[in-house]
Amino acid sequence: MANNPYLKLSRRYFEAGRLASVHLDLTYRCDLNCVHCYLDDRTRPGPNTQVWLDVIDDLARMGVFGITLSGGEVFLRKDIWTLLERLKSHRFYVRLKTHGMKIDAAFAQKLRDHSVHGIDLSLYSLEPGPHDAIVRRKGAQVRTRAAIDHLLAVGIDVRVNNVVMEANRDGHRELHAEMRKKGVLSSYTGKIRGFQSGGTDVYSVGLCISDLIKIEADHLKDHAADTPAEVKQKFSPEPHHEAIQCGAGNFNLYVDPDGNVTPCVTWPMTLGNIQDQSISEIWETSRELEQIKQLRQSDRKGCYGCSYRQGCSYCPGMAYIETGDATGPAEALCRTAQARAMAQKQMHLGGPERRSFFPIAKQKSNAQRAKELEAILADNSDCGETNHACASCS
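Summarised in this report is the structure supplied together with it. Since we're looking at a predicted model, the values are computed, not measured.

This structure, assessed with the given rule, holds five aromatic pairs. Ring centres of phenylalanine 75 and tryptophan 81 lie 6.2 Å apart, and the angle between their planes is 25°; on these two criteria the pair is classed as stacked. Residue phenylalanine 75 shares its accessibility class with tryptophan 81, and that shared class is buried. When the ring of phenylalanine 75 is compared with that of phenylalanine 107, the centres are 4.9 Å apart and the planes differ by 85°; the resulting orientation is edge-to-face. Taken as a pair, phenylalanine 75 in the loop between strand 2 (66-70) and helix 3 (80-90) and phenylalanine 107 in helix 4 (residues 105-113) lie far apart in primary sequence, 32 residues in all.

Here we take up the environment of arginine 309. Note on placement: arginine 309 falls in the loop between helix 11 (287-294) and helix 12 (316-323). Between the C-alpha atoms of arginine 309 and alanine 337, which are 28 residues apart in sequence, the distance is 7.4 Å.

All right, on to the pairing of strand 2 then. Burial within strand 2 is extensive, with five of its five residues counted as buried. Going residue by residue along strand 2, you find Gly66, Thr68 and Ser70 tucked away on one face and Ile67 and Leu69 tucked away on the opposite face as well. The sheet contact formed by strand 1 (residues 21-25) and strand 2 spans five bridges and is parallel. The residue bridging serine 21 from the neighbouring strand is glycine 66, located in strand 2.

Here the focus is unusual backbone geometry. In this structure, arginine 91 is a non-glycine residue whose phi angle is positive, near 65°. Counting through the fold element by element, arginine 91 comes out in the loop between helix 3 and strand 3 (93-97). Judged by relative accessible area, which is 75%, arginine 91 ranks as exposed. A positive phi angle, near 60°, is found at serine 115, a position not held by glycine. Inspection of the secondary structure puts serine 115 in the loop between helix 4 and strand 4 (118-122). With a relative accessible area of 29%, serine 115 lands in the partly exposed category.

Parameters and conventions
Residues numbered from 1 in each chain as written. Predicted model: local features only at pLDDT ≥ 70, side-chain atom pairs only at ≥ 80, totals over all residues. Heavy atoms only, no water. Phe/Tyr/Trp six-rings, centres within 6.5 Å; stacked < 30°, edge-to-face > 60°. Buried < 20%, exposed > 50% of the residue type's maximum accessible area, 1.4 Å probe, protein only. Helix = DSSP H or I, 4+ residues; strand = E, 2+ residues; numbered from the N terminus. Pairing = 2+ DSSP bridges.

The analysis is restricted to geometry; functional conclusions fall outside its scope.
Given below as structure tokens:
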């Protein structure tokens, strides 16, 4: 992490009070219908080509380094090549997020010619069945896998992301290993984000706590060559008391398909709109953004005293989606931190267990959760989550 050049560059931008990167979601439209998609309203048309071109020019004047384009499905915009040409003229570092189904050899070369540096794709299984079920389109997995090879052939950096859910709960480590053989950076997570509108019904497609523990244990196994101290540093980084919450709003911004500017894609708190103001004006004058820049780890509410705080990958955006408060706990974050702690305990990396589980409003007492989690650690088949149709428990 310390040798990551992007993080070093972002720190320099942050220390200079400058915007480093912006994520632009160009459209709600998509020809897939993923079961866990956070864009729950895909009907509005959004800004026209000239508005986006003006945004690109404004970001160039600000000296922004990186631009990420996504959707929806970014290649459903007819003006995508016009936008890419403008980005190329400004020499941005450009990444695209896409399902990749339109990418053949010629398409990949065209992306290379437009100076696209990297592509992020989602691949949910090495087998077509689970992937196609998640995106709800037959034949999708074969085309996405083919896109990976086409992109690698022309020298474009490829990253593969996998959200592990009930539908694809097996095989994520094999997928991870296969991508590594190809030289592709890949990641997997059991964490699902809520809807852009603020709802959390999408959590129902996620994993139960016993399977989340297995996911976190697999992350630890992937770093088996590291010493226990190195693993604890990677997966239980104690946040500095006065450190910023994250890069959102500090050196990164996000623009949604309606033109709303927010701190990041996971934090839908509107700071302004590109159809009314330039991003540079929002960056310099937004009172809400200034308040975000002042937030520190010490401003988190309800987290002190939680025994899982040390291993929590806290996200103010996910907290905001769940509760409307970017400084409070959130169910998705608490469950992941809990699973990580249980996985570390299984691998003898944790200290003495303290009985302080969820800082959020609890449906069960700490004593009940303690009993259930001890059963999980003893390989009990019942995960204790009676409202979840868990394959491990059926």
